[in-house]
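# Results of the structural survey
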Amino acid sequence: MENTKFDDIRPYGNAEIPEVILRVAQHPYFSEVIKRFFPKENFDDFKNRFLEIKTVEDFQIKVMNQIIWSIIRDTTNGLDYSGFEQLEKNKNYMFISNHRDILLDSAILEILLNKNSFDTSEITFGSNLMQNEWVVDIGKMNKMFMLIRGGNIHDLYKNSLHVSEYMRYTITKKRQSVWIAQRNGRTKDGLDRTEMGVLKMFALSSTENFVENLKELNITPIAISYEYEPCDFLKVAELLVSKYQTYVKSPGEDLNSIIHGIMQPKGKVCLNVCAPIDEQELQDCARFKKNERFECLADMIDQRIFKQYQLWKTNYIAFDMLYQNSRFYELYTQAEKEAFEQYMNKGISLLQGNEKELKKIFLEIYSNPVTNTMERF
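Being a predicted model, the structure only gives us computed values, none of them experimental. (Residues numbered from 1 in each chain as written. Predicted model: local features only at pLDDT ≥ 70, side-chain atom pairs only at ≥ 80, totals over all residues. Heavy atoms only, no water.)

Turning our attention to the sheet that holds strand β4 (residues 144-147). Read from one edge of the open sheet, 7 strands run β1-β7-β6-β2-β5-β3-β4, paired in mixed fashion. Two strands lie at the open edges of the sheet, namely β1 (79-82) and β4, each paired on one side alone. The average undirected angle you get between the axes of adjacent strands in this sheet is 25 degrees. (Pairing = 2+ DSSP bridges. Helix = DSSP H or I, 4+ residues; strand = E, 2+ residues; numbered from the N terminus. Axes fitted to C-alpha atoms, helices over the stretch in contact; angles between N-to-C directions.)

Structural data, given as C-alpha cells:
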C-alpha cells in the first residue's frame, strides 16, 4: 500500500489510472498529441484503446514508449547506448544523470530500461513544470514525482528532506529505481558538474554513517549526449542575458523548451550507464570531513560521466573554431566544419545581441565537453 505521507509529491498508483485516463482523453490537447505521434492510427480506435488502460505499466508501454521512440525516429540520426549489463535485476538504483533536455534525458533512459528488460524508474519533475493539469496528469502517470522548487531556507530544507525520504522509500520499500539530474536545472554551458546540494539531499533521510547511508541507494551515474544540443540557441540567448543581469524566465518558457527539445533535430544521441558507486569508493570519500566527503563523491560521479560522455564531431569542430586551431582536424572533414558553421550562423542570426559574444557562447556550449575530457583524462 502507498505511504500516504508522500501523497503531495508521489506519482499516480494503478488504482488512480482509470479516472486519470478518462480525464486526459477528454482534454483538447489529447487529439493533437495523438495526431502528432500516432498519425497512422484511426483516432476513435486509438481513443477506445486508450480508455481501456488500467495500469501505469500499460500507459508506459502502450503510449509513452511509442511516443518517445517516435521522437527518436523523427528527430535523431540514431540512438546508441551501453552499460545496462552492469545493472542487476534484483537491485534498484539512484540514477544521477547529466541534464541537457528537460524531457528526453529521463525519457530515453526509460525506453532503454524497458528495451533491456528492466522495470522503468520513477523520475523527478520540478514543481516549476507542473503548471498545467494535463501535463501533471501525463507526468504522474509516467512515474514522475515532484521536486518542490523555491521558498526560503526553512522551506528549502523541509522540502529537500521530504523528497529525500520519498526517494529512499521508493528505492528501499517500493523497490523502484529513481532518476534525478545531477544539478538543479539543465546544464546550459556544456560543463556538466554534480552539485553537492543534490548529494546532501540524498543523505538527509538517514541517520546512518556516510557509507551505510548512501550505499543502500546504489548511486549510478548516467551520461547522455546529443550531437546537436537540445535548445542550443535558446541556451545561448539565456547565457548572454545572464552575463549582465539575473535571468528571469518568461511565462511558459519551460513548456516552450520542452516542445523545442522534442521537435528539434538532434543528430545522433548516446546514453551510457556508468558503473555504480561501490562501497569501497564511499569509504574512500568517508575519510574526509563532511563537505569534503560530498566533494569527493561529486568528483567520482563527474569522472564517470566525463569518461562515458560521447563526444561528437560537432564538439571537436567547435573546440577548434573557438580556439582558432586545428587540434582535432583529423576527426572531421572540411565540409562537416562548413556545415556546422552554417548551422551556427543561421541560428545566431535569429538572436538579439552582439554577434561575436553570441558565437563565443555557442562554441563554448559545444566545446566545453571536450575541455571536460581533456582536463580529466
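What follows covers a nonpolar patch on the surface. A cluster of nonpolar residues, Leu255, Ile259 and Met263, forms a patch on the protein surface that exposes about 270 Å² of accessible area. With respect to the helices and strands, the residue Ile259 is situated in helix α11 (residues 253-263). Judged by relative accessible area, which is 46%, Ile259 ranks as partly exposed. (Patch = residues over 30% accessible without salt bridge, like charges linked within 9 Å, V, L, I, M, F, W, Y side chains within 5 Å. Areas by Shrake-Rupley, 256 points an atom, 1.4 Å probe, with all protein chains shown as cover. Salt bridge = Lys/Arg side-chain N within 4 Å of Asp/Glu carboxyl O. Buried < 20%, exposed > 50% of the residue type's maximum accessible area, 1.4 Å probe, protein only.)

Counting 90 residues, the largest nonpolar core has Phe50, Ile108, Phe202, Leu214, Ile219 and Leu297 as the members making the most contacts within it. Of the residues forming this core, the biggest block, 8 residues, is contributed by helix α4 (residues 56-75). Not counting the four nearest positions on each side in its chain, Phe50 is found in contact with Ile21, Val24, Ala25, Phe30, Phe59 and Val63. (Core = buried A, V, L, I, M, F, W, Y, C linked by side-chain atoms within 4.5 Å. Contact = heavy atoms within 4.5 Å.)

With that settled, the discussion passes to helix α2 (residues 28-37). If you check which residues of α2 are buried, you get Phe30, Ile34 and Phe37. Down the axis of α2, the smallest arc covering the buried residues is 85 degrees, so these residues share one side. When the buried face of α2 is taken as reference, the exposed residues oriented beyond 90 degrees from it are Pro28, Glu32 and Lys35. (Arc of directions from axis to C-beta.)

For the rest of this paragraph, the subject is the packing of aromatic side chains. Throughout the structure, instances matching the rule amount to 22 aromatic pairs. Centroid distance Phe340 to Tyr366: 5.3 Å. Interplanar angle 80 degrees. Geometry classified as edge-to-face. Here the residue Phe340 occupies a position in helix α15 (residues 334-348), and Tyr366 occupies one in helix α16 (residues 355-376), the gap between them amounting to 26 residues. Take Tyr366: its relative accessible area is 2%, and that puts it in the buried class. Here a set of aromatic residues connected by ring pairs shows up, and it is made of Tyr228, Phe233, Phe340, Tyr343, Phe362 and Tyr366. (Phe/Tyr/Trp six-rings, centres within 6.5 Å; stacked < 30°, edge-to-face > 60°.)

Now for unusual backbone geometry. We note that Ser117 has phi near 65 degrees; this positive angle belongs to a residue other than glycine. Positionally, Ser117 belongs in the loop between α5 (104-115) and β3 (122-126). Owing to a relative accessible area of 54%, Ser117 belongs among the exposed residues under this scheme. With a phi angle near 60 degrees, Arg175 is a residue other than glycine that sits in the positive phi range. As for its placement among the helices and strands, Arg175 is situated in the loop between α7 (153-172) and β5 (178-181). Using a relative accessible area of 44% as the deciding quantity, one classes Arg175 as partly exposed.

With that out of the way, let us pick up the pattern of salt bridges. By the definition in use, this model includes 26 salt bridges. Ionic pairing is found between Arg23 and Asp137, a salt bridge with its closest N-O pair at 2.8 Å. Residue Arg23 is located in helix α1 (residues 17-25), and its partner Asp137 is located in helix α6 (residues 133-141); the two are separated by 114 residues in the primary sequence. Assessed through its relative accessible area of 27%, Arg23 is described here as partly exposed. Measuring nitrogen to oxygen at the nearest pair gives 2.7 Å for the salt bridge that ties Arg304 to Glu281. Of the two residues, Arg304 is situated in helix α13 (residues 290-308) and Glu281 in helix α12 (residues 279-286); the sequence distance between them amounts to 23 residues. This pair shows no difference in class: Arg304 is buried, exactly as Glu281 is. A single network of salt bridges, built from pairs that share partners, joins Glu19, Arg23, Glu133 and Asp137.

In regular strands, side chains alternate between the two faces of the sheet. Residues Val178 and Ile180 line one face of β5 and the alternating positions Trp179 and Ala181 line the opposite face, and both faces are buried. As paired strands, strand β2 (residues 94-97) and β5 are joined by 4 bridges and run parallel to one another. In the strand pairing of β5, Met94 is matched with Val178. Pairing of β3 with β5 involves 2 bridges; the strand directions are parallel. Among the inter-strand pairings, Ile123 is bridged to a residue of β5, identified as Trp179.

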